[in-house]
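Listed below are the residues making up each chain.
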Amino acid sequence: MYNRRSNRWKEMAMRVSSGFCFLWLTAVSLLFVSCGGDEDPAEANPDQAAADDAPKNPDPVDELPEPEPEPVVIPDPNGIYLSTGEKYPQGRDTEVYSNGEGFFMWFNGSVWKISDKVGGGRTISTGQANINAKWTSGGKASYYPSKTSQKEALFSLAVACQGSSDNHNAIRLFEKYVAEYKGDARLPEAYLSLGDLTISVVKKDEQPTYAQIKKAQENYALVRESEQVPLRLINDATFNEGGLLERIADNPEGVVAEILPSAIDYSAETYYPRGSLVFNKGTKKFYYANSAAGKGVELSDKSSWEERSFPDKDNNGELTKTEFSDAPIFKEASFDEADLNGNGNVDYAETFDIVSLILYKDMETLFREYSEAQTGNEGAQISQATEKIGFACEKQGRPSEMLAMYFKDIEKYGNDPMNVGVDGILKKYSDKFKEYDDLYGKTLDLLEKLQTPAQPVTFTSRSRKGVEETISGTVEEILKDRRKLLPFLSSTYKGMDSDIYTEVTKFRSAIFVNPDYASKFKGYLKKYKGLRANFPSDLSPGVAFAKLMESAKSSGQRALELRMRAALENMGSSAGGTYTPQRSDFPVASPSVLVWMAEKFIKISPKDSIAAMERLISVFGDTGGPFLFDAHYLIGQANEKEKSFGKAANHYTQALNNSWGHESANDARVRNGNCLLQVGKSANNQSAIEQAHASFSEVRGDTDAPLEVRARCSFMMGESKLALKDYSAAAFLYLETTLNFPSAIEWVPKAFDQAIRCYEQSGQADQIGIVNKQYVAWQRKFLK
């Protein structure tokens, strides 16, 4: 055991870290090439070994059953050593330093030592009286005592640590900076970094706790409250905080776990690990690792644990009114609003919902305060803030308010082509209007039909084989026949309330005869009549944008006019009239308008299309957001049209680097694959062909992509292998296409043909007959 641990320490110490040597009086950076561990720890420190073997006193946390032993993780002695504020020995001026990972550097009166305990413990390396002199075991230290350089070095090192994702040390260094240099001009930058870093300790599959969220918010607020802070830092602090709130509001699991930890079903075992939270069924108590303990601490080490109390005091997975008011996050929340089912308690699902609403409300407040404070200031991102306010309103059940707010912003800032936020709002406005117009209109239409079961209806449905069929009957007849009901709903009511959709398919004709169901659907009808009545139908994009365009034309607002023309055409409306793009309009064109112009140019003049997108990249390179995807995507298409496949592939790659979930991202991947395949074939470039295969593979693996697109990419993966003359792999991929995407009428026949070709090339005549039989069977089934 001791030998394994000793070797492990040596292995950890020998890893050369990316240490930094910008240090000062209160900080030391150490880099060990190889450190100690060859001696037996018991011989090196017999008193310590004896202490380790001595029986320990019972501890309340010892009542927790022992979990399965986990591999011992030994801390790394390398790192940045900061002063702990302690002296050793007491009464002397010699500082004690720590790397924050369980190791200390201290002076014993004649030499410096690195060990796991001040004044003793297991020694890793020893230096001389001069801290910069030679250390044992290959250790190296850099110590900077200059008062004039320590502030600059501290900040620079903190930035370097953050840049290299050494978040643990970055936090320690920034916290030291803000504590020691009050009033410094760079404090806002330090607070901004601390806000960003606070959540960096949370793993991808976990969610931050309420305490972590509040800590991040406190740091972001300190940025905004600082004197003479640059607007760019205020922007970053506000939008980073808003992004955090949006992320947590979407899934507030970490916050809810602190309120109702016993409501979460960890496992059937007695010892429930959840991060650093443990629950003892026997004592009905929760224990939580404090900040000094970290993970993997012995449960019997009481000094590293603290008992925590939670609002759910009886641990029954629900909150009473009193328990609800005890939770800090519910300070301004209404218990009656949280208790959706009115049973006098707030359960896990209700807690989840109310926490989400509170966080969206905080997000709305944050951006409203930002807009009020920054309106009129050059560089303020008011339209982007408006978009976030509208999003928060929507999530709180106020979509009509969101739409009215968006339209007002479009009217106010639409003639400023440099205001990129308006372009984002324009697209979202059109999408959201349609979404809620469908939700309210189609749901209401179905609910009204359910009140008149004898009403005749006729609809057209398309079968899986692509055959259209017209179906007629009364509402009641259709609900009774499931084979008619499902096509009726899917073809006519796409976009309606999904919960009501599910209930209609579940209850069917019982809605007409069961009093409870009938009453329930009358309640739905009343609700949706109210929602439809309050919906701003007069702000329909097709009508409102046309009026705004005419107003812009008469007042000479060219930028707004072009924005409205583009928006109307993109939604399929002819109200924008005809427009031939011209370069003279480039100076008054916003990013979305430049993309629209480039799409028109590409059909008649690829060079002009490229010019439009190059302007977008040049002018809006720092603020263009998703429009940078469009720019490179369209330049790629223009180059592809000119047969410049290498240039096209390069721009498609750049587009994907700016995709951010863009709706055309998969098309860019397919085009990128096609261009790379062309480059590979023409230049006999194996690497390009393999990249093409990878691009097609990514799209084929996207289960949200249309089936035809995935089938095409599966086929093209076979084409990539065929270009490499790997006939076996190509045949496999072609046949896999026929098996995984049998309804892809365009690609399956091609896949069968190519699979046969591969077997001909490889001389596998026995396989050709098998594939031909499979092909015939597929034709009988899908080509009737």
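Residues numbered from 1 in each chain as written. Predicted model: local features only at pLDDT ≥ 70, side-chain atom pairs only at ≥ 80, totals over all residues. Heavy atoms only, no water.

A. Inspection of the overall build of the protein chain at higher detail. Each helix and strand counted, the protein chain has 32 helices and twelve strands in total. Here the protein chain holds 784 residues, and the buried ones make up 46% of them. If you take every contact in the protein chain between residues at least 6 apart in sequence, the share linking residues at least 24 apart comes to 57%. Carbon together with sulfur atoms contributes 49% to the accessible area of the protein chain, which is approximately 40000 Å² in total. (Helix = DSSP H or I, 4+ residues; strand = E, 2+ residues; numbered from the N terminus. Buried < 20%, exposed > 50% of the residue type's maximum accessible area, 1.4 Å probe, protein only. Contact = heavy atoms within 4.5 Å. Areas by Shrake-Rupley, 256 points an atom, 1.4 Å probe, with all protein chains shown as cover.)

B. Helix 23 (residues 591–604), seen in detail. Taking 1.5 Å per residue as the helical rise, helix 23 with its 14 residues ought to reach 20 Å, and the 20 Å between its terminal C-alpha atoms agrees with that figure. Within helix 23, eleven of the 14 residues are buried, which leaves the element mostly enclosed by the surrounding structure. Listed as buried for helix 23 are Pro591, Ser592, Val593, Leu594, Val595, Trp596, Met597, Ala598, Lys600, Phe601 and Ile602. The inward-facing, buried residues of helix 23 abut helix 15 (420–450), helix 22 (558–570), helix 24 (606–620) and helix 25 (627–641). (Expected span 1.5 Å × (residues − 1).)

C. Structural view of the pairing of strand 3 (residues 95–98). Pairing of strand 2 (residues 79–87) with strand 3, which is carried by three bridges, proceeds in the antiparallel orientation. Following the sheet pairing, Ser83 is matched in strand 3 by Tyr97. In this structure, strand 3 lies alongside strand 4 (residues 104–107), joined through two bridges in antiparallel fashion. Within the sheet, the bridge partner assigned to Ser98 lies in strand 4 and is Phe104. A loop of five residues connects strand 3 with strand 4, the two strands running antiparallel in sequence, and Gly100 in this loop sits at a positive phi of about 75°. (Pairing = 2+ DSSP bridges.)

D. Local environment of the pattern of salt bridges. A complete count under the given rule lists 34 salt bridges for this structure. Two residues, Glu364 and Arg368, come together in a salt bridge whose shortest N-O distance is 2.8 Å. Here Glu364 and its partner Arg368 are both found in helix 12 (residues 348–374), four residues apart, which amounts to about one turn of the helix. In this structure, the salt-bridge partner of Lys520 is Glu503, at a minimum N-O distance of 3.1 Å. Residue Lys520 is found in helix 20 (residues 515–533), and its partner Glu503 is found in helix 18 (residues 498–507); the two are separated by 17 residues along the sequence. Judged by its relative accessible area of 37%, Lys520 falls in the partly exposed class. Judged by relative accessible area, Glu503 falls into the buried class, the value being 15%. Each of the salt bridges in this network shares a partner with another, and the network as a whole consists of Glu364, Arg368, Arg398 and Glu401. (Salt bridge = Lys/Arg side-chain N within 4 Å of Asp/Glu carboxyl O.)

E. Structural context of the side chain of Ser356. Mapping Ser356 onto the fold places it in helix 12. Judged by relative accessible area, which is 13%, Ser356 ranks as buried. Ignoring anything within four residues of it in the chain, the contact list for Ser356 reads Ala249 and Pro252.

F. Highlighting the packing of aromatic side chains. Counted according to the given criterion, the structure contains 33 aromatic pairs. When the ring of Tyr360 is compared with that of Phe391, the centres are 5.9 Å apart and the planes differ by 75°; the resulting orientation is edge-to-face. With a gap of 31 residues between them, Tyr360 in helix 12 and Phe391 in helix 13 (residues 382–395) connect regions that are remote in the sequence. Positioned over the ring face of Phe155 is Arg186, at 4.3 Å from the centre of the ring. Just above the ring of Trp747 sits the side chain of Lys750; from NZ or CZ to the centre is 4.3 Å. (Phe/Tyr/Trp six-rings, centres within 6.5 Å; stacked < 30°, edge-to-face > 60°. Lys NZ or Arg CZ within 6 Å of the ring centre and 35° of its normal.)

G. Just the packing of helix 25 against helix 26 (residues 645–657), in detail. Contact geometry of helix 25 with helix 26 gives a least axis separation of 8 Å together with a crossing angle of 165°. Comparing the axis directions of helix 25 and helix 26 gives the class roughly antiparallel. At the point where helix 25 passes helix 26, the crossing takes the left-handed sense. Listed contacts from helix 26 to Phe629, His632, Tyr633, Ile635, Gly636, Gln637, Asn639 and Glu640 of helix 25 are Phe645, Lys647, Ala648, His651, Tyr652, Gln654, Ala655 and Leu656. Residue classes in the contact of helix 25 with helix 26 are distributed as eight nonpolar, six polar and two charged. (Axes fitted to C-alpha atoms, helices over the stretch in contact; angles between N-to-C directions. Parallel < 35°, antiparallel > 145°, perpendicular 65-115°, else oblique. Left-handed = near helix turned anticlockwise from the far one by under 90°. Nonpolar A, V, L, I, M, F, W, Y, C, P; charged D, E, K, R; others polar.)

H. Geometry of helix 29 (residues 707–723). Its 17 residues give helix 29 an end-to-end C-alpha distance of 24 Å, which sits within 8% of 24 Å, the value for a rise of 1.5 Å per residue. Among the residues making up helix 29, those that are buried are Ala711, Cys713, Ser714, Phe715, Met716, Met717, Gly718, Glu719, Ser720 and Leu722. Buried residues in helix 29 make contact with helix 27 (665–683), helix 28 (686–700), helix 30 (727–740) and helix 31 (748–762). One or two residues past the end of helix 29 sits Lys725, with phi positive at roughly 60°.

I. Seen up close, the pairing of strand 4. Summarising the sheet, strand 4 and strand 5 (residues 112–117) pair through four bridges and their orientation is antiparallel. For Phe104, the partnering residue across the bridge sits in strand 5 and is Ser115. The antiparallel pairing of strand 4 with strand 5 creates a hairpin that spans four residues between the two strands, and Gly109 there sits at a positive phi of about 110°.

J. Inspection of unusual backbone geometry at higher detail. Backbone geometry places Ser165, a non-glycine residue, at a positive phi of 65°. Taking relative accessible area as the criterion, Ser165 reaches 56% and is therefore assigned exposed. A positive phi is found at Lys643, a non-glycine position, where the angle reads about 65°. Along the chain, the position of Lys643 falls in the loop between helix 25 and helix 26.

K. Examining the environment of Phe715 more closely. In this fold, Phe715 is placed in helix 29. Each C-alpha atom of the pair Phe715 and Thr737 lies 6.2 Å from the other, and the pair is 22 residues apart in sequence. In this view, Phe715 contacts Tyr734, Thr737, Trp747, Lys750, Ala751 and Gln754; residues no more than four positions away in its chain are not counted.

L. Broad picture of the environment of Ala185. Considering the arrangement of structural elements, one finds Ala185 in the loop between helix 5 (167–180) and helix 6 (187–198). Assessed through its relative accessible area of 71%, Ala185 is described here as exposed.

M. Main features of the side chain of Asp184. One can find Asp184 in the loop between helix 5 and helix 6. Among the polar contacts made by the side chain of Asp184, one reaches the side chain of Tyr177 at a distance of 2.6 Å. Within polar-contact distance, the side chain of Asp184 engages the backbone nitrogen of Arg186 at 2.9 Å. Contact partners of Asp184, with chain neighbours within four places excluded, come to Lys151 and Tyr177. (Polar contact = N/O pair within 3.5 Å; in protein donor to acceptor, adjacent residues only side chain to side chain.)

N. Here's a closer look at the confidence of the model for the protein chain. Predicted confidence across the protein chain gives a mean pLDDT of 82, with 81% of residues reaching 70 or more. Within the model, pLDDT remains below 50 along residues 264–276, and this stretch shows 28 contacts once partners closer than five positions in the same chain are excluded. Under a pLDDT of 50 for its full length, residues 288–308 has, in the predicted model, 41 contacts with residues more than four places off or in other chains. (pLDDT = per-residue confidence, 0-100.)

O. Inspection of the environment of Met418 at higher detail. The residue Met418 is located in the loop between helix 14 (399–413) and helix 15 in this model. For Met418 and Ala559, which are 141 residues apart along the polypeptide, the C-alpha to C-alpha distance reads 9.8 Å. When residues no more than four places from it in sequence are discounted, the contact partners of Met418 are Val619 and Phe620.

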